[in-house]
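An overview of the molecular structure
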Amino acid sequence: MTDAVTDREVIYLWPYHEWGGAQIYYFGLMKSVRDHYPVRAIMPAGSAPRLLQYLERLTVPTEFFDARMERAANSVFDRVRRRWEKVRCEWVIVRHLSKRKLGQKVLHLEIAPWSSFWLLLYLSLRSNVFVTLHTALPDVSTVRYVFWLVKFRLLNRLPGFHLLTSNRDTLESLRGFLSEASLRRIPVAYSGIDEGEIRQALAAPLDQAALRRRFGLPADAFLVFALGQFIERKGCVTLLEAAATLREERANLFYVWVGTEELDAGRRRQIDGSGIADRFRYVAASELGGGRLALLTLLRLADVFVLPSLKEGLPLALLEAMALGKACIASNVNAIPEALHDGSN
């Protein structure tokens, strides 16, 4: 076997500790791609154990680099620190990947072209780089729009740079940054559910009473489920406020939010002060055990699945809830209407 064959590999890389839909989207790709090429996941050191357990079950080799990017910044100091950490992280990523023969690699990166232009430019000149955008581009100032326009157009000219979107709403948001001809060449690679996992979850015996007891859910309550990061963008505040409004009218409603991470003290206080703390249960992924199948089994308890996001791509959680036959209520934003049609399904 020649080196040209043995060096072929598809690498999935993200620079954040936070994880969620983008990584689960990657998991689905890994399952398909590994039938043809070796796959590998590369991420920051200190990534969540739950995420690593998922990758271990997929038998995907993992590597780590000693840096990370942060998604949010509040104060001016935080923004400066975040910018410095981003530059440092990009440099560490370049050093880490440069140890390989990049010409034989395919890199699928969870990195924004507008914020990491130089990193993507460097890697696209040395390898085949794929970037999938999941949520629509935001409205930006005229100055920022010009900068983004130049970055998108320059990257799009490189034979090694390949842009994809996971829904049509995101593709449409690129209009104005890329030519019509370029837009027609961008594939829409929708998030896909694992039909085998859905069938397995539906076929497994379900002891509802035992499962409710395990997670401390009332035996006679009407269960409203939500999945995702417990953050404002995912509509956590909206759900808490709606639940408080309905408390007197519908006393039998009980809310379950399944999230990727443990809640910090601030989020706990937010729930405690919502007026429905006694009718609300947050379940961290670490409590589930058993990977995606355990999550799908728990979701079978739902009487209704809700997705109150303020900004969203096309989340896998919604598709899985629909596949399990659950009634779904969701915000009419971004790509959600591509799957959920009011009054139809």
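Located above this text is the structure these notes cover.
Owing to the predicted nature of the structure, the values given are computational and were not obtained by experimental measurement.

What counts as what
- Residues numbered from 1 in each chain as written.
- Predicted model: local features only at pLDDT ≥ 70, side-chain atom pairs only at ≥ 80, totals over all residues.
- Heavy atoms only, no water.
- Helix = DSSP H or I, 4+ residues; strand = E, 2+ residues; numbered from the N terminus.
- Buried < 20%, exposed > 50% of the residue type's maximum accessible area, 1.4 Å probe, protein only.
- Pairing = 2+ DSSP bridges.
- Right-handed = clockwise from strand over helix to strand, strands pointing away.
- Axes fitted to C-alpha atoms, helices over the stretch in contact; angles between N-to-C directions.
- Contact = heavy atoms within 4.5 Å.
- Parallel < 35°, antiparallel > 145°, perpendicular 65-115°, else oblique.
- Left-handed = near helix turned anticlockwise from the far one by under 90°.
- Nonpolar A, V, L, I, M, F, W, Y, C, P; charged D, E, K, R; others polar.
- Phe/Tyr/Trp six-rings, centres within 6.5 Å; stacked < 30°, edge-to-face > 60°.
- Lys NZ or Arg CZ within 6 Å of the ring centre and 35° of its normal.
- Polar contact = N/O pair within 3.5 Å; in protein donor to acceptor, adjacent residues only side chain to side chain.
- Salt bridge = Lys/Arg side-chain N within 4 Å of Asp/Glu carboxyl O.

Along the polypeptide, Arg144 turns up in helix H6 (residues 142–156). Residues Arg144 and Trp114, spaced 30 residues apart in sequence, show a C-alpha to C-alpha distance of 9.4 Å.

We now examine the pairing of strand E7 (residues 222–227). Counting buried positions along E7 yields five of six residues, so the element is predominantly enclosed. Pairing geometry for E7 and strand E8 (residues 253–259), over six bridges, is parallel. Looking across to E8, one finds that Leu223 is bridged to Phe254. Following the chain from E7 across helix H11 (residues 236–246) to the adjacent parallel E8, one finds a crossover that is right-handed. Both E7 and strand E10 (residues 304–307) contribute to a ladder of two bridges, which runs parallel. Within the sheet, the bridge partner assigned to Phe225 lies in E10 and is Phe305.

Strand order in this open sheet of six strands is E3-E2-E1-E4-E5-E6, and the pairing throughout is parallel. The sheet is open, and its two borders are formed by strand E3 (62–65) and strand E6 (161–165), each paired with just one other strand. Recorded for the sheet is a direction-independent mean angle of 25 degrees between the axes of neighbouring strands. Seen against the sheet, helix H4 (residues 76–97) touches strand E1 (9–13), strand E2 (39–44), E3 and strand E4 (105–109) and runs at an angle of roughly 135 degrees to E3.

Moving on, we get to the packing of H4 against helix H5 (residues 117–124). Two measures define how a pair of helices packs: the angle their axes make with one another and the distance between the axes. Viewed as axis vectors pointing N to C, H4 and H5 meet at an angle of 15 degrees, and their least axial separation amounts to 10 Å. Classed by the angle they form, the pair H4 and H5 counts as roughly parallel. Between H4 and H5 the crossing geometry is right-handed. Between H4 and H5, the residues in contact are Glu90, Ile93, Val94 and Leu97 and Leu119, Tyr122 and Leu123, respectively. The class makeup of the residues in the contact of H4 with H5 is six nonpolar, no polar and one charged.

The next subject is the packing of aromatic side chains. Taken as a whole and judged by the stated rule, the model has twelve aromatic pairs. Between Trp114 and Phe152, the aromatic rings sit 6.1 Å apart at their centres with planes inclined by 45 degrees, giving tilted as the arrangement. Placement of Trp114 in the loop between E4 and H5 and of Phe152 in helix H6 is noted, with a sequence separation of 38 residues between them. The rings of Trp114, Tyr145, Trp148, Phe152 and Phe177 are connected pair by pair, giving a single aromatic cluster. A cation sits over an aromatic face here: Arg250 above Phe222, 5.9 Å from the ring centre.

With that settled, consider the side chain of Asn167. With respect to the element layout, Asn167 can be found in the loop between E6 and helix H7 (168–173). In this structure Asn167 comes out as buried when scored by relative accessible area, which is 0%. In terms of polar contacts, Asn167 uses its side chain to reach the backbone carbonyl oxygen of His134, at 2.9 Å. In contact with Asn167, other than residues within four places in its own chain, are His134, Val188, Tyr190, Gly313, Leu314, Ala335 and Glu338.

Our focus in this paragraph is the pattern of salt bridges. Under the defined criterion, the tally for this structure stands at 16 salt bridges. Here Arg100 ties to Glu9 by a salt bridge, and the two come within 3.9 Å at their closest N and O atoms. Here Arg100 is found in the loop between H4 and E4, whereas its partner Glu9 is found in strand E1, with 91 residues between them in sequence. On the accessibility criterion, Glu9 (9% relative accessible area) is buried. For Glu90, the salt bridge is made with Lys86, and the minimal N-O distance between the two is 3.0 Å. Separated by four residues within a single helix, Glu90 and Lys86 lie in helix H4, roughly one turn from each other. Here Glu90 and Lys86 have matching classes, each one buried. Among the charged side chains, a salt-bridge network with shared partners connects Glu9, Arg40, Glu63, Arg100 and Lys105.

Counting buried positions over the nine residues of helix H13 (residues 291–299) gives eight, a clear majority of the element. Within the span of H13, buried status applies to Gly291, Arg292, Ala294, Leu295, Leu296, Thr297, Leu298 and Leu299.

For Tyr16, the location among the structural elements is in the loop between E1 and helix H2 (21–33). The sequence separation of Tyr16 and Tyr37 amounts to 21 residues, and the corresponding C-alpha distance is 25 Å.

Judged by pairing direction, the sheet is parallel, and its five strands sit side by side in the order E9-E8-E7-E10-E11 without closing on themselves. With partners counted over all chains shown, the strands left at the sheet margins are strand E9 (280–284) and strand E11 (327–330), one partner each. For this sheet, the mean angle separating the axes of adjacent strands, direction not counted, is 25 degrees. Running over the sheet, H11 touches E7, E8, E9 and E10 and is turned about 170 degrees from E8. Where H13 meets the sheet, it contacts E7, E8, E9 and E10, and its direction lies at approximately 145 degrees from that of E7.

Let's shift gears to the packing of helix H9 (residues 195–203) against H13. It is the contact of H9 with H13, at a shortest axis distance of 9 Å, that shows an interaxial angle of 50 degrees. Considering the angle they form, H9 stands oblique to H13. Of the two elements, H9 crosses H13, and the hand of that crossing is right-handed. Touching Glu197, Ile198, Gln200 and Ala201 of H9 are Arg292, Leu293 and Leu296, all from H13. In the contact of H9 with H13, the residues fall into four nonpolar, one polar and two charged.

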